[in-house]
Amino acid sequence: MTIRTDWTRDEIAAIFDLPFADLLFQAQTVHRAHHRANHVQQSTLLSIKTGGCAENCGYCSQSAHFATGLKASKLMAVDAVLTAAREAKAAGSERFCMGAAWRSPKDRDMAIIVAMVKGVRAMGLETCMTLGMLTADQSARLAEAGLDYYNHNIDTAPEYYDRVVTTRVWQDRMDTLDHVRDAGINVCCGGIMGMGESRSERVGFIHALATLPQHPQSVPLNRLVPIAGTPIGDAQLDAEGAPIDEIEFVRTVATARIVLPDTMVRLSAGRETMSEAGQALCFLAGANSIFTGDRLLTTPNAGQASDADLLGRLGLNAPEPRLEAAE
Ligand code: SAM
Ligand code: DTB
Ligand code: SF4
């Protein structure tokens, strides 16, 4: 199967609109051709610098523009981050993602960030950082430190972007993604479903990812976790907290899987309020990673015990059957 960066919006819309069984069959077929069928990567998130962010992303608990009741804190010490990473690894995580509520990192923070990347990587964990906008120089420093992935989300369709955030523009995101890619770091870039966007805008979001110069190696798909006090959270809570329909979310996962065959599609925020059947459908649709542990960045997550139970019942991550040694 060829990897295409010339998808049209109409082609992607036609996939999104397929009868559900056809969509899932196609997605699972692509999934099996490109990924380990019954493996779901477990990732752990850590907020290394929480709250007080200068940006006004309308969904975010950490923006200084909204009264969400979140307590801001300073950048964590390297040792504390390494302790959390060690615990994540012991709990079965393969990937450790560190997030800072910054518009962009200050140069004085970079030495600390570099030490975190090196330390986590030395434990044999895959590393991911999300720190806001980066310059070419900062990207090069992270690449040199051995950072595996940089997360920088476009969040939604280009035409819906200014409904979500106004302290930056779409092109700012494209510039950082270019710097990260040029530095040779894997790009992790995704978005949030359920912010009041239409299906056409969800198609536009996937189209934007699929037509980047190179497909992101990783695409996190989040279901909005509505945060009281934020404009987007409040709008959804007013609508009786109706989160995006699970079937529509599964369609988004399946469409992303089909048009981005080699990409790790991550079922990210919003699992806590999703049914087990909905999550199972996401795996069938090609999601190949979840965040485990009790917390995401600032919100609760489905805990380790319930995840282990679900993965077990779905036969995911079971040990490979052992081949008996030939006589
Ligand atoms: N400050 C960095 C930045 O955005 O450039 C990184 C941290 S930010 C919390 C990472 C991503 O988490 C956002 O782009 C968004 O997609 C997701 N996210 C944040 N708050 C969320 C919420 N309430 N519900 C779902 N996803 C959310
Ligand atoms: C992403 O797309 N989802 C993760 C990760 N990238 C950094 C973050 C989800 C955050 C959910 C809301 C919170 O816990 O604050
Ligand atoms: Fe800041 Fe990131 Fe939250 Fe936006 S999503 S307000 S950039 S922490």
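For the structure, see preceding data.
Residues numbered from 1 in each chain as written. Chains lettered and ligands numbered in written order. Predicted model: local features only at pLDDT ≥ 70, side-chain atom pairs only at ≥ 80, totals over all residues. Heavy atoms only, no water.

Participant: Sorry if this is basic, but what is going on with the site of ligand 3 here?
Facilitator: In the vicinity of ligand 3, the contacting residues are C53, E55, C57, Y59, C60, S63, A101 and R168. Applying the majority rule of atoms within 2 Å of the grid points places ligand 3 in the largest cavity. Across the shell around ligand 3, the residue classes tally to 5 nonpolar, 1 polar and 2 charged. (Near = heavy atom within 4 Å. 1 Å grid on protein atoms, 1.4 Å probe; cavity = no way out; pocket = protein on both sides within 12 Å on 5 of 7 lines; lining within 4 Å. Sits in = over half its atoms within 2 Å of the grid points. Nonpolar A, V, L, I, M, F, W, Y, C, P; charged D, E, K, R; others polar.)

Participant: Could you clarify how one ought to interpret the site of ligand 2 in this entry?
Facilitator: By nearness alone, 13 residues border ligand 2, and N153, N222, L297, T298 and T299 come closest of all. For ligand 2, an oxygen atom lies 2.8 Å from a polar atom in the side chain of N153. In the model, an oxygen atom of ligand 2 is placed 3.0 Å from a nitrogen or oxygen of the L297 main chain. Look at ligand 2: alone it shows 400 Å² of surface, and the protein chains cover 86% of it. Of the pockets mapped on this structure, ligand 2 occupies the largest cavity. (Polar contact = N/O pair within 3.5 Å; in protein donor to acceptor, adjacent residues only side chain to side chain. Areas by Shrake-Rupley, 256 points an atom, 1.4 Å probe, with all protein chains shown as cover.)

Participant: What is the right way to look at the packing of aromatic side chains in this model?
Facilitator: The geometry of an aromatic ring pair is captured by two quantities: the separation of the ring centres and the angle between the planes. Inspection of the entire model under this criterion finds 1 aromatic pair. Residues Y161 and W170 carry aromatic rings whose centres are separated by 5.5 Å and whose planes lie at 85° to one another, so their mutual orientation is edge-to-face. Accessibility expressed as a relative area gives 3% for Y161, which makes it buried. The ring centre of W7 lies 4.3 Å from the NZ or CZ of R4, which sits over that ring. The lysine or arginine in question, R266, covers the ring of Y149, its NZ or CZ lying 5.7 Å from the ring centre. (Phe/Tyr/Trp six-rings, centres within 6.5 Å; stacked < 30°, edge-to-face > 60°. Buried < 20%, exposed > 50% of the residue type's maximum accessible area, 1.4 Å probe, protein only. Lys NZ or Arg CZ within 6 Å of the ring centre and 35° of its normal.)

Participant: I'm lost on the state of the cysteines in this one. Help?
Facilitator: As used in these notes, a disulfide is a covalent bond between sulfur atoms, one from each of two cysteines. Evaluated as defined, the whole model comprises 0 disulfides. C97 carries a free sulfur, and the closest cysteine sulfur to it, the one in C128, is 4.5 Å from it. Owing to a relative accessible area of 6%, C97 belongs among the buried residues under this scheme. Classification of C128 by relative accessible area gives buried; the value is 2%. (Disulfide = S-S within 2.5 Å.)

Participant: Help me understand unusual backbone geometry in this model?
Facilitator: Most peptide bonds are trans, and most residues other than glycine sit at a negative phi. The phi dihedral of D155 is positive, around 70°, even though this residue is not glycine. Although it is not a glycine, N317 sits at a positive phi angle of roughly 65°. N317 sits in the partly exposed class, given a relative accessible area of 24%.

Participant: How should I be thinking about the packing of helix α1 (residues 9-16) against helix α10 (residues 246-259) in this particular structure?
Facilitator: The description of two packed helices rests on the angle between their axes and on the distance between the axes. It is the contact of α1 with α10, at a shortest axis distance of 9 Å, that shows an interaxial angle of 130°. Between α1 and α10, the crossing angle belongs to the class labelled oblique. Of the two elements, α1 crosses α10, and the hand of that crossing is right-handed. Packed against α1, whose contacting residues are I12, I15 and F16, the element α10 presents E248, R251, T252, T255, I258 and V259 at the interface. (Axes fitted to C-alpha atoms, helices over the stretch in contact; angles between N-to-C directions. Helix = DSSP H or I, 4+ residues; strand = E, 2+ residues; numbered from the N terminus. Parallel < 35°, antiparallel > 145°, perpendicular 65-115°, else oblique. Left-handed = near helix turned anticlockwise from the far one by under 90°. Contact = heavy atoms within 4.5 Å.)

Participant: Is there a simple way to explain the pairing of strand β3 (residues 126-130) in this structure?
Facilitator: Where strand β2 (residues 95-100) and β3 come together, 5 bridges link them in parallel fashion. Looking across to β3, one finds that M98 is bridged to M129. Handedness of the crossover joining β2 and β3 through helix α4 (residues 110-122): right-handed. Pairing geometry for β3 and strand β4 (residues 149-151), over 2 bridges, is parallel. If you follow C128 over to β4, its bridge partner there is Y149. (Pairing = 2+ DSSP bridges. Right-handed = clockwise from strand over helix to strand, strands pointing away.)

Participant: Help me out: how do you make sense of the layout of surface pockets in this one?
Facilitator: Regions of empty space are outlined by a rolling probe, equal in size to a water molecule, passed over the atoms. Its volume calculated, the largest pocket comes out at about 250 Å³. Taken together, 17 residues line the largest pocket, and the ones lying closest to its centre are T44, L45, L46, G293 and R295. Put simply, the parts of the chain that give the lining of the largest pocket at least two residues each are β1 (41-49) and α3 (78-90). Broken down by element, the residue count for the lining of the largest pocket peaks at 4 residues, all from β1. Approximately 190 Å³ is the volume found for the second largest pocket. Surrounding the second largest pocket, 15 residues form its lining, L224, V225, P226, G270 and T273 being those nearest its centre. Considering only residue class, the lining of the second largest pocket consists of 7 nonpolar, 5 polar and 3 charged. (Points joined across faces, edges and corners; volume = space filled by probe spheres on them.)

Participant: For this particular structure, what's the right way to read the pattern of salt bridges?
Facilitator: Oppositely charged side chains can form a pair if their charged atoms are brought close together. Applying the stated criterion across every chain, the model contains 15 salt bridges. We note a salt bridge from R121 to D148, for which the minimum N-O separation is 3.4 Å. A residue pair is termed long-range when its members are at least 10 positions apart, and R121 in helix α4 and D148 in the loop between α5 (136-145) and β4 qualify at 27 residues. On the accessibility criterion, R121 (40% relative accessible area) is partly exposed. E248 serves as the salt-bridge partner of R199, at 2.7 Å between the closest nitrogen and oxygen. Of this pair, R199 sits in helix α8 (residues 199-210) while E248 sits in helix α10, and the two are 49 residues apart along the sequence. Taking the relative accessible area as the measure of exposure, E248 reaches 9% and is therefore buried. Shared partners join several salt bridges into a network, and the residues in it are D17, E197, R199, R202 and E248. (Salt bridge = Lys/Arg side-chain N within 4 Å of Asp/Glu carboxyl O.)

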